[in-house]
Amino acid sequence: MNGKRPAEPNPGRTGKKRKKEVMVDFSDAVTEEILKKQVAEAWSRRTPFSHEAIVMEMDPFLHCVIPNFIPSQNFLEGLQKELLNLDFHEKYNDLYKFQQSDDLKKRREPHICALRKILFEDFRTWLSDISKIELESTIDMSCAKYEFSEHFQPKQIVKSLIPSWNTLVFFEVSPVSFHQVSEVLSEEKSRLSISGWFHGPSLTRPPNYFEPPIPRSPHIPKDHEILYEWINPTYLDMDYQIQIQEEFEQQSEILLKEFLKPEKFADVCEALEKGGVKWSSRGPPNKRFYEKAEESTLPDILKDCMTLFHSEALFLLLSNFTGLKLHFLAPSEDEMDDTKKEAAASAPDSTEEGTSYSSSEPETNPAAISSNSQQSNEQTDPEPEENEAKEESSVPTCQGELRHWQTGHYTLIHDNSKTEFALDLLLYCGCEGWEPEYGGFTSYIAKGEDEELLTVNPENNSLALVYRDRETLKFVKHINHRSLEQKKTFPNRTGFWDFSFIYYE
């Protein structure tokens, strides 16, 4: 089992463990009756309180700090050794990256046992007395280790508590008690802590807040000439489009490299690096943190690139790439079946590159990225409600933005994340020297799961297309301080940019 090291002696697991039992107390000053009453009064009134043995503050929410929580240094050193000898497992998703031990509830190491006893017996009684909250005896604690570049749930910081040896911090979990572990910046030191929860009556939570939906728009009337102006001619070849669609329908995703013409891509990058674009920070920080370009401030070349992704011609090209009905000229599934029958008897008429739909289509529409890679048509077909919605709103739409990503930026999955069938498009710029370990990649996961279904790494002039279903969520991984290495090779570069669009049938 994880956490066991049979080759190492561990008296705490032998039949004579009582002989090795360790006893410890927490700070006498905190339990002193007068101080205890003062702390309880401050808690009930929600007023700050300061004493050398305990500090209570209200900003940004009620929290207490007890320095020198355990007086015995010998005990702390023994505890540290036991903790470092535990098995740690990497925990990694949109919210965090760190190493966590197994549950400490049943560990038999003497110092861990002693700490568990004072926390969930003696200290729990003290905390119930001062907070007037009936806390349960449930034991819920583990050890976390954070090393270089690791973190927990990045947010905008209102107040910081510097990790300090033998310091206990506690606060009431509430709808406003947002907290984080900032990224560890030292390559030599690690942050070792024990954390857990005391369970009590649930608090009444406010109603969920739903953000206003981002407006969607139909295509802009622009014919195929815009494709010839901007896109690598390889991708306008009808035979190649058929190959792309076959691969896309198998994988539900594809990466098209060197997508824009070299001269156009160079002009876009030059405009981005030159500055002059006004960027606004997108939040709130418990959902996302990155910069979005204000389109009214874009130079012409960037406005033209945004127009490309909104254009009617690109909607049709994406239909050819994916088999999705993003344009009225793109056939429906029934029409595709009829077309294939006709194609068996006669070759398709010659068509103009990039503006028509091939009659020799693969047999099925793409299965969306999901937790089951071998889905049947029945599993991936929209629900009746969605079919009705499509009939009512049959005009394909999109939404998009130009984003700037740099150290500290991220997006998070949240409870109110809306999921639906959609095609994601990403075109990256300024990614020279970017490494996956920096973060900034887009991850797709199934609802309720941590395991990644797909990772899209930033790559210059590469167009990523991903079709996702209602059970698939996505996030952009927190960009850590390792990303500053990019400056060694590109001194004027801070992060990268992407054109991010979502298309709906």
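See above for the structure.
Presented here is a report on the structure given in the accompanying data block. These numbers come from a predicted model, not from an experiment.

Some words on the overall build of the protein
Phase 1 of the analysis: Check the secondary structure of the protein and you find 13 helices and 20 strands.
Phase 2 of the analysis: The burial tally for the protein puts 45% of its 505 residues in the buried class.
Phase 3 of the analysis: Per element, the accessible surface of the protein, about 26,800 Å² overall, is 49% carbon and sulfur.

What about the pattern of salt bridges?
Phase 1 of the analysis: Summed over the entire model, instances satisfying the criterion amount to 18 salt bridges.
Phase 2 of the analysis: In this structure, the salt-bridge partner of Asp424 is Arg468, at a minimum N-O distance of 2.6 Å. On the criterion of sequence distance, the pair formed by Asp424 in strand 15 (residues 422-429) and Arg468 in strand 18 (residues 463-468) is long-range, its members being 44 residues apart. Pair check on accessibility: Asp424 and Arg468 agree, each one buried.

Re the sheet that holds strand 2 (residues 54-57)
Phase 1 of the analysis: What the four strands build is an open sheet, ordered 1-2-3-8; its pairing is antiparallel. With partners counted over all chains shown, the strands left at the sheet margins are strand 1 (49-51) and strand 8 (168-171), one partner each. Within the sheet, the average angular offset between the axes of one strand and its neighbour, ignoring direction, is 15 degrees.
Phase 2 of the analysis: Relative to strand 8, strand 3 (residues 63-66) runs antiparallel, the two being bridged by four bridges. Considered in strand 8, the bridge of His63 is made with Phe171.
Phase 3 of the analysis: Packing against the sheet, helix 4 (residues 110-131) makes contact with strand 2, strand 3 and strand 8, and its axis sits at approximately 45 degrees to strand 8.

Describing the sheet that holds strand 19 (residues 472-476)
Phase 1 of the analysis: One open sheet accounts for three strands, arranged 17-16-19; its pairing is antiparallel. The two strands at the open ends of the sheet, each matched to only one other strand, are strand 17 (452-456) and strand 19. Strand after strand, the sheet turns through a mean of 20 degrees between neighbouring axes, direction not considered.
Phase 2 of the analysis: Here strand 16 (residues 442-446) pairs with strand 17 via four bridges, running antiparallel. What sits directly across from Ile445, in strand 17, is Glu452.

Thoughts on helix 9 (residues 312-322)
Since one α-helical turn is 3.6 residues long, residues separated by three or four positions face the same way.
Phase 1 of the analysis: Counting buried positions along helix 9 yields 10 of 11 residues, so the element is predominantly enclosed.
Phase 2 of the analysis: Phi turns positive, to about 85 degrees, at Gly323, one or two residues after helix 9.

A word on the packing of aromatic side chains
Where two aromatic rings form a pair, the distance of their centres and the angle of their planes describe that pair.
Phase 1 of the analysis: Scanning the model with the defined rule gives 23 aromatic pairs in all.
Phase 2 of the analysis: Between Phe421 and Tyr467, the ring centres sit 6.1 Å apart and the planes meet at 35 degrees, which makes this aromatic pair tilted. In this pair, Phe421 sits in the loop between strand 14 (410-411) and strand 15 while Tyr467 sits in strand 18, placing the two residues 46 residues apart along the sequence.
Phase 3 of the analysis: Here Tyr467 falls in the buried class, since its relative accessible area comes to 6%.
Phase 4 of the analysis: Within the aromatic cluster, the residues linked to one another by ring pairs are Phe26, Trp43, Phe69, Phe120, Phe123, Trp126, Phe170 and Phe198.
Phase 5 of the analysis: Note that Arg216 overlies the ring of Tyr504, its terminal NZ or CZ placed 3.5 Å from the centroid.
Phase 6 of the analysis: Geometry around Tyr290 places Arg403 over its ring, the cationic atom sitting 5.4 Å from the centre.

Comments concerning the environment of Ser195
Phase 1 of the analysis: Mapped onto the elements of the fold, Ser195 is located in strand 9 (residues 191-196).
Phase 2 of the analysis: Distance in space between the C-alpha atoms of Ser195 and Leu168 is 9.5 Å, their sequence separation being 27 residues.

Quick look at the side chain of Ser128
Phase 1 of the analysis: Note that Ser128 resides in helix 4.
Phase 2 of the analysis: When neighbours within four sequence positions are excluded, Ser128 is seen to be in contact with Ile133, Glu134 and Leu135.

Considerations on the pairing of strand 19
Along a regular strand, successive side chains alternate from one face of the sheet to the other.
Phase 1 of the analysis: Within strand 19, four of the five residues are buried, which leaves the element mostly enclosed by the surrounding structure.
Phase 2 of the analysis: Where strand 16 lies against strand 19, five bridges are found, and the strand directions are antiparallel. In the sheet register, Ala446 faces strand 19, and the bridge partner there is Thr472.

What to know about the packing of helix 3 (residues 73-84) against helix 4
Phase 1 of the analysis: The interhelical angle for the contact between helix 3 and helix 4, taken along N-to-C directions, is 110 degrees, at an axis separation of 8 Å. Regarding the angle of helix 3 to helix 4, the classification is roughly perpendicular. For the pair helix 3 and helix 4, the crossing hand works out as left-handed. Contact residues: helix 3 offers Phe75, Gly78, Leu79, Glu82 and Leu83, while helix 4 offers Pro110, His111, Ile112, Ala114 and Leu115.
Phase 2 of the analysis: When the residues that make up the contact of helix 3 with helix 4 are grouped by side-chain class, the tally is seven nonpolar, two polar and one charged.

About the criteria used
Residues numbered from 1 in each chain as written. Predicted model: local features only at pLDDT ≥ 70, side-chain atom pairs only at ≥ 80, totals over all residues. Heavy atoms only, no water. Helix = DSSP H or I, 4+ residues; strand = E, 2+ residues; numbered from the N terminus. Buried < 20%, exposed > 50% of the residue type's maximum accessible area, 1.4 Å probe, protein only. Areas by Shrake-Rupley, 256 points an atom, 1.4 Å probe, with all protein chains shown as cover. Salt bridge = Lys/Arg side-chain N within 4 Å of Asp/Glu carboxyl O. Pairing = 2+ DSSP bridges. Axes fitted to C-alpha atoms, helices over the stretch in contact; angles between N-to-C directions. Contact = heavy atoms within 4.5 Å. Phe/Tyr/Trp six-rings, centres within 6.5 Å; stacked < 30°, edge-to-face > 60°. Lys NZ or Arg CZ within 6 Å of the ring centre and 35° of its normal. Parallel < 35°, antiparallel > 145°, perpendicular 65-115°, else oblique. Left-handed = near helix turned anticlockwise from the far one by under 90°. Nonpolar A, V, L, I, M, F, W, Y, C, P; charged D, E, K, R; others polar.

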